[in-house]
Amino acid sequence: MLQVNVIRNKKEDVIERLALKNYTDINVIDHIIELDDSRKKLQFEIDETQSKINASSKEIGQLMAAGKKELADTKKGEVGSLKSLLQPVNEKLSAIENELHDELIKLPNLPHTSVPKGKTPEENEIVREGGKKKPLQKDAIPHWDLAKKYDLINFELGNKVTGSGFPFYKNKGAKLQRALIQYFLDYNTSAGYTEYQPPLLVNEESAYGTGQLPDKEGQMYFSGADNFYLIPTAEVPLTNIYRNDIIKETELPIRLTAYTPCFRREAGSYGKDVRGLNRLHQFDKVEIVQMVHPEKSYGVLEEMVIHVERLLQSLELPYRILRLCGGDMSFASALTYDFEVFSAAQEKWLEVSSVSNFESFQSNRMKIRFKPAQAPGGNADGKTQLVHTLNGSSLALPRIVAALLENNQNTDGIHLPKALQSYFGKAKIY
RNA sequence: GGAGACUUGUCCGAGUGGUUGAAGGAGCACGCCUGGAAAGUGUGUAUACGGGAAACUGUAUCAAGGGUUCGAAUCCCUUAGUCUCCGCCA
């Protein structure tokens, strides 16, 4: 959620940048400012009246103590009429506050100045590519066939027990999952991220905090008896840890990591894109989240990109990094880098990570703030301000598995990258 | 799941209708003291939204929401959470 003051003070800039995200409803901007104006006016009016009421109430107390009951009763009458005056103004104020909030929540985050123009994924900017595409054997097969050949994943069983998009991993397939999770978490914690194991169901407030609600409830599984949502990503519980908190500046940056299954309804996707592991309703992911000082967030974003890039390099997979164009970015993001790996048998690039800086868009919703450290030799100077939040996947498992299987297939089995061998316990799957 | 007790500031803790944003203590920050430190001592130490050039100032907030009252941290209702006992259970 954007801050009203930003909209007020940099109106032209805001309009220009919203256009990059294909948001062109300028009237909303003006409407927001108008609403904020009347909000202030009404607030002032109410404060004034309330102040009078409070003063009179004190007087009444003193009059009663002095035994001047008649005077007190007169005062009571005065206060009563002030109060009846106040009531409709109060109602008006809360109506306006609600409307203001509803308008603000519709605005997407402002894209960073480095975000390329564009509307479709084709207009994303390729930042760099890495890793080597190795030539495959002649009879190379896609991962869903490899999964069957080596008895790693059973998709049909998932259909039977739950539905499509809920596979069973089995034997070495299950172990590979476990190895990847363990490896990713170790990699993150040794880089200074604190490991969590969060709840997989969250309440409404949390889903709202990270921006899944109010718009995207259709994408989440919902447990109606308790009003809980199954998390679509660990970002939701992790970021919400600090909802409504004021953090000491000395505690920043806060770095969190967690492995969780992720649940996505993904209504409306079909065809060959969803074949095998390409798109699932339940999948495993290791996530990283940071909360940082606003001035440092873009430096941290680059660090996170390098962090994920090195992880991909250690898996010896061909990858590329994209800077998303305005039209392809998520609602809440100010700058996003996507990571894709090349899955050789499908000859497709698959997204395996998305690293974003949300600036204060989420923290404003969630009221995650920090208190500046006291300046030496003086009192606290700076005001409490919003932190910047960032997150990224490191990494989403299914497509990594797809690429590992396809790219590393050989006549004698699937060769695993060195980094993974000690976790998996063997050098190959056969 | 049943019964009861409880929920106050960074923490501990007082407060059961009238200058209580909230005693007291601890912590923390800054200063004094000291050769330096400890001890001692002084001052300061919540958040949000307003007004004001500023100094400063208004309003709201004692789990959350609502109600009673001229006035609520204090009384009532609802919800959430914590603890104790019982039941159940991986």
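Residues numbered from 1 in each chain as written. Chains lettered and ligands numbered in written order. Predicted model: local features only at pLDDT ≥ 70, side-chain atom pairs only at ≥ 80, totals over all residues. Heavy atoms only, no water.

1. A look at the side chain of Ser 333
Along the chain, the position of Ser 333 falls in the loop between β11 (319–323) and β12 (335–343). For Ser 333, a relative accessible area of 0% translates into the label buried. Within polar-contact distance, the side chain of Ser 333 engages the backbone nitrogen of Leu 335 at 3.2 Å. Of note is the side chain of Ser 333, whose polar atom sits 2.6 Å from the side chain of Thr 336. (Helix = DSSP H or I, 4+ residues; strand = E, 2+ residues; numbered from the N terminus. Buried < 20%, exposed > 50% of the residue type's maximum accessible area, 1.4 Å probe, protein only. Polar contact = N/O pair within 3.5 Å; in protein donor to acceptor, adjacent residues only side chain to side chain.)

2. Some points on the nonpolar core
If you look at the biggest cluster of nonpolar residues, it comprises 59 residues, and the most contacted ones within it are Leu 180 and Ile 400. Ranked by residue count, the leading element in this core is helix α7 (residues 171–190), at 8 residues. Apart from the residues lying within four places of it in its own chain, the contact partners of Ile 400 are Leu 180, Leu 312, Leu 315, Leu 317, Val 341, Val 352 and Leu 395. With 32 residues, the next largest nonpolar core counts Ile 15, Val 28, Ile 32 and Phe 358 among its residues. (Core = buried A, V, L, I, M, F, W, Y, C linked by side-chain atoms within 4.5 Å. Contact = heavy atoms within 4.5 Å.)

3. Digging into a nonpolar patch on the surface
The grouping of Leu 157, Val 161 and Phe 168 at the surface amounts to a nonpolar patch, some 240 Å² of accessible area in total. Inspection of the secondary structure assignment puts Leu 157 in helix α6 (residues 155–161). Here Leu 157 falls in the partly exposed class, since its relative accessible area comes to 34%. (Patch = residues over 30% accessible without salt bridge, like charges linked within 9 Å, V, L, I, M, F, W, Y side chains within 5 Å. Areas by Shrake-Rupley, 256 points an atom, 1.4 Å probe, with all protein chains shown as cover. Salt bridge = Lys/Arg side-chain N within 4 Å of Asp/Glu carboxyl O.)

4. Quick look at the domain arrangement of chain A
If you check the domain split of chain A, you get domain 1 (4–104) and domain 2 (121–429). Placing a centre on the C-alpha atoms of domain 1 and another on those of domain 2 gives a separation of 43 Å. With 4 residues of domain 1 at the contact, the number on the domain 2 side is 8 residues. Interface area for domain 1 against domain 2, summed over the two sides, is near 350 Å², with a carbon-plus-sulfur share of 41%. By the criterion of area lost to domain 2, the three top residues of domain 1 are Leu 20, Lys 21 and His 101, representing 84% of everything that side buries. Viewed at the interface, domain 2 and domain 1 are joined by 0 salt bridges. (Domains from an automatic or database assignment. Buried area = accessible area lost by both parts, 1.4 Å probe.)

5. A short note on the sheet that holds strand β6 (residues 222–223)
Strand pairs in the sheet, formed through backbone hydrogen bonds, run parallel or antiparallel to each other. With antiparallel pairing, the 3 strands of this open sheet are ordered in space as β5-β7-β6. Each edge of the open sheet carries a strand with a single partner, namely β5 (201–202) and β6. Where β5 meets strand β7 (residues 228–230), 2 bridges bridge the pair, whose relative direction is antiparallel. In the strand pairing of β7, Val 202 is matched with Tyr 229. (Pairing = 2+ DSSP bridges.)

6. Some points on the pattern of salt bridges
Going through the model one piece at a time under the given rule, you end up with 18 salt bridges. With its nearest N and O atoms 2.4 Å apart, the salt bridge here joins Arg 8 to Asp 37. One end of the pair, Arg 8, is in helix α1 (residues 4–9); the other, Asp 37, is in helix α3 (residues 26–65), and 29 residues separate them in sequence. One salt bridge connects Arg 39 with Asp 36, and the closest N-O pair in it is separated by 2.2 Å. A residue pair is termed a helical-turn pair when its members lie 3 or 4 positions apart in one helix, as Arg 39 and Asp 36 do in helix α3 at 3 residues. Classification of Arg 39 by relative accessible area gives partly exposed; the value is 24%. Given a relative accessible area of 2%, Asp 36 falls into the buried group. One continuous salt-bridge network, built from bridges that share partners, spans Arg 8, Asp 36, Asp 37 and Arg 39.

7. Considering the sheet that holds strand β18 (residues 413–415)
If you walk across this open sheet you meet the 3 strands as β17-β18-β19, and the pairing is antiparallel. Sheet topology places β17 (409–410) and β19 (428–429) at the edges, where each strand pairs with a single neighbour. Alignment of β18 against β19, held across 2 bridges, turns out to be antiparallel. Pairing of Ile 414 across the sheet is with Ile 429, part of β19.

8. Thoughts on the packing of α3 against helix α4 (residues 69–104)
Relative orientation of the contacting elements α3 and α4 amounts to 160°, with a least axis distance of 8 Å. Put simply, α3 runs roughly antiparallel to α4. The handedness of the crossing between α3 and α4 is left-handed. In the contact of α3 with α4, the residues fall into 19 nonpolar, 7 polar and 12 charged. (Axes fitted to C-alpha atoms, helices over the stretch in contact; angles between N-to-C directions. Parallel < 35°, antiparallel > 145°, perpendicular 65-115°, else oblique. Left-handed = near helix turned anticlockwise from the far one by under 90°. Nonpolar A, V, L, I, M, F, W, Y, C, P; charged D, E, K, R; others polar.)

9. Concerning the packing of aromatic side chains
Tallied over the full model, the rule gives 6 aromatic pairs. Considering the side-chain rings of Phe 222 and Tyr 229, the 4.6 Å spacing of their centres and the 40° angle between planes classify their relative orientation as tilted. According to the relative accessible area criterion, Phe 222 is partly exposed, its value standing at 41%. Ring geometry for Phe 331 against Phe 361: centres 5.8 Å apart, planes inclined by 80°, an arrangement best described as edge-to-face. Taken as a pair, Phe 331 in the loop between β11 and β12 and Phe 361 in helix α11 (residues 361–366) lie far apart in primary sequence, 30 residues in all. For Phe 361, a relative accessible area of 4% translates into the label buried. Among the aromatic residues, ring-to-ring pairing joins Tyr 183, Phe 184 and Tyr 423 into one connected group. In this arrangement the basic side chain of Lys 133 is found over the ring face of Phe 342, its NZ or CZ atom lying 4.0 Å from the centre. A cation over a ring is seen here: Arg 365 above Tyr 208, with NZ or CZ 4.9 Å from the ring centre. (Phe/Tyr/Trp six-rings, centres within 6.5 Å; stacked < 30°, edge-to-face > 60°. Lys NZ or Arg CZ within 6 Å of the ring centre and 35° of its normal.)

10. What to know about the layout of surface pockets
Counted as a void, the second largest pocket has a volume near 470 Å³. Surrounding the second largest pocket, 22 residues form its lining, Phe 155, Gly 165, Val 274, Arg 275 and Gly 276 being those nearest its centre. At the level of elements, α5 (143–149), β2 (153–154) and α6 are the ones that each hand at least two residues to the lining of the second largest pocket. For the lining of the second largest pocket, the per-class residue count stands at 7 nonpolar, 7 polar and 8 charged. (1 Å grid on protein atoms, 1.4 Å probe; cavity = no way out; pocket = protein on both sides within 12 Å on 5 of 7 lines; lining within 4 Å. Points joined across faces, edges and corners; volume = space filled by probe spheres on them.)

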